[in-house]
Every structure is written in C-alpha cells, then in structure tokens.
Amino acid sequence: MGLLPVGMNTSRQAIDRTIEAQIIQQMKGQAQQTAFSNLGTLASTTVTCFDAKGNVTTSASAVYKAGFSSPVNVVLPGGTTTTMLNNITIYILSTRTPGGMAAASQQDLINNSASKKFTVLVANNGL
C-alpha cells in the first residue's frame with residue numbers, strides 16, 4: 001500500500017513529460033514557420049495556454065503555459081557569430097506547480113524558477 005502514492009506520482013510525472021514534449025514540438029514548429037527576421041516578435045506575444053492533453057486553450061482552463069525568449073545569435077566554434085541560426089528558449093510551466101497560474105506574461109515565465117527551459121536552434125528559413 002505504501003508504494004501506491006509513489007507509483008501514482010511517477011505516472012503523473014511521465015504524463016507531464018509527454019505533454020511537455022508535445023508542447024515543445026508545437027512551439028518549435030511555430031518558431032520555424034515564423035519569418036527569421038520576425039523571430040523577436042515571438043518573445044513579445046502573450047503566453048500560450050495548453051490543456052491537459054497539450055491542445056491550445058484559454059487561460060481559464062490552462063494546465064500548461066508556454067512562451068519564447070528573445071532569439072540569440074549562435075556563436076560557432078572559433079568565436080564566429082552566424083546570422084543564419086538563432087537560439088530560442090521555450091519556457092513551459094505547469095499550472096500545478098506553485099505560482100504556475102500567476103505566469104501571465106513571457107517575462108513571468110522566464111523569471112519563474114519552476115519553469116522548464118528547452119533551447120532549440122532555428123535556421124534562417126529564407127522568409
């Protein structure tokens with residue numbers, strides 16, 4: 001009987017990781033479809049809310065919130081900075097964590113220590 005809560009917690013964590021991976025894929029796709037010169041606008045948009053299944057939803061029914069950091073040019077080996085690649089960090093916060101519902105802006109997500117951070121490379125797509 002003592003292992004039941006541990007098993008339930010592990011199961012919940014596995015579900016959260018799976019949904020977070022789906023959200024990252026959606027957010028990464030959004031960044032890749034944005035004109036390279038407009039990547040900075042992603043960081044100024046409002047937080048995207050997701051339900052328990054990883055579908056975009058309203059903030060009232062959000063279980064996860066996600067947003068972007070400002071793009072950063074990539075520094076290649078040897079110290080050369082390229083303008084053909086940008087690093088973008090995707091921040092995800094579960095509303096189940098303390099302070100999760102309070103994250104209403106991109107900056108709230110970035111500043112919240114409970115936010116999970118995933119960095120992706122976005123190549124210049126010619127747009």
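This report concerns the structure included in the present document. Small disclaimer: the values here were computed from a predicted structure and weren't measured.

1. Considering the overall build of the protein chain
Phase 1: Looking only at helices and strands, the protein chain has three helices and six strands in total.
Phase 2: Starting at the N terminus and walking to the C terminus, you meet the elements of the protein chain as α-α-β-β-β-β-β-α-β.
Phase 3: C-alpha extents for the protein chain along the principal axes are approximately 60 × 35 × 25 Å.
Phase 4: Out of the 127 residues belonging to the protein chain, those deemed buried represent 35%.
Phase 5: For the protein chain, restricting intrachain contacts to residue pairs at least 6 apart in sequence, the fraction spanning at least 24 positions comes to 62%.

2. Observations regarding the pattern of salt bridges
Note that side chains of opposite charge can pair when their charged atoms are close.
Phase 1: Counted by the stated rule, this structure contains three salt bridges.
Phase 2: Here D16 ties to R12 by a salt bridge, and the two come within 3.3 Å at their closest N and O atoms. Separated by four residues within a single helix, D16 and R12 lie in helix α1 (residues 3-33), roughly one turn from each other.
Phase 3: A relative accessible area of 10% means that D16 is categorised as buried.
Phase 4: Notably, a salt bridge pairs E20 with K116, separated by 2.9 Å at the nearest N-O pair. Taken as a pair, E20 in helix α1 and K116 in strand β6 (residues 116-123) lie far apart in primary sequence, 96 residues in all.

3. Side note on the nonpolar core
Phase 1: Of all hydrophobic cores here, the largest spans 18 residues; its most connected members are I23, M27, Y64, F68, I88, I90 and I92.
Phase 2: At the level of elements, α1, β3 (64-68), β5 (81-94) and β6 are the ones that each hand at least two residues to this core.
Phase 3: At five residues, the largest contribution of residues to this core is made by α1.
Phase 4: Sequence-distant contacts of I23, defined by excluding residues within four places in its chain, comprise F50, G54, Y64, A66 and I92.

4. Notes on the environment of V120
Phase 1: Position of V120 relative to the elements: it lies in strand β6.
Phase 2: Spatially, the C-alpha atom of V120 lies 25 Å from that of S59, the residues being 61 residues apart in sequence.
Phase 3: Aside from chain neighbours lying at most four places away, what touches V120 is K28, N86, N87, I88 and I90.

5. Regarding the side chain of E20
Phase 1: Given the relative accessible area of 4%, E20 is considered buried.
Phase 2: In this structure E20 touches Y64, I92 and K116, once residues within four positions along its chain are discounted.

6. As for α1
Residues three or four positions apart in an α-helix share a direction because the helix packs 3.6 residues into each turn.
Phase 1: Here α1 contains 31 residues, and its C-alpha end-to-end distance of 45 Å stays within 8% of the 45 Å for a straight helix at 1.5 Å per residue.
Phase 2: Taken together, the buried positions of α1 are occupied by D16, I19, E20, I23, I24, M27 and A31.
Phase 3: Buried residues along α1 sit against α2 (40-44), β1 (48-50), β3, β5 and β6.

Definitions and cut-offs
Every chain is numbered on its own, with residues counted from 1 as its sequence reads. Residue-level local features of this predicted model are given only where pLDDT is at least 70; pairs of side-chain atoms are given and counted only at 80 or more, and the full residue set underlies all totals for whole chains, interfaces and linings. To obtain the side-chain values, all non-hydrogen atoms of the structure were used and water was disregarded. Counting from the N terminus, the helices are the DSSP runs of H or I reaching at least four residues and the strands are the DSSP runs of E reaching at least two. Type-normalised accessible area, obtained with a 1.4 Å probe on protein chains alone, sets the label of each residue: buried when under 20%, exposed when over 50%, and partly exposed for intermediate values. A contact between two residues is defined here by any heavy atoms of the two lying within 4.5 Å. Any Lys or Arg side-chain nitrogen located within 4 Å of an Asp or Glu carboxyl oxygen qualifies as a salt bridge. Think of a nonpolar core as a cluster: buried Ala, Val, Leu, Ile, Met, Phe, Trp, Tyr and Cys residues, connected wherever their side-chain atoms sit within 4.5 Å. The span expected for a helix works out to 1.5 Å for each residue beyond the first.

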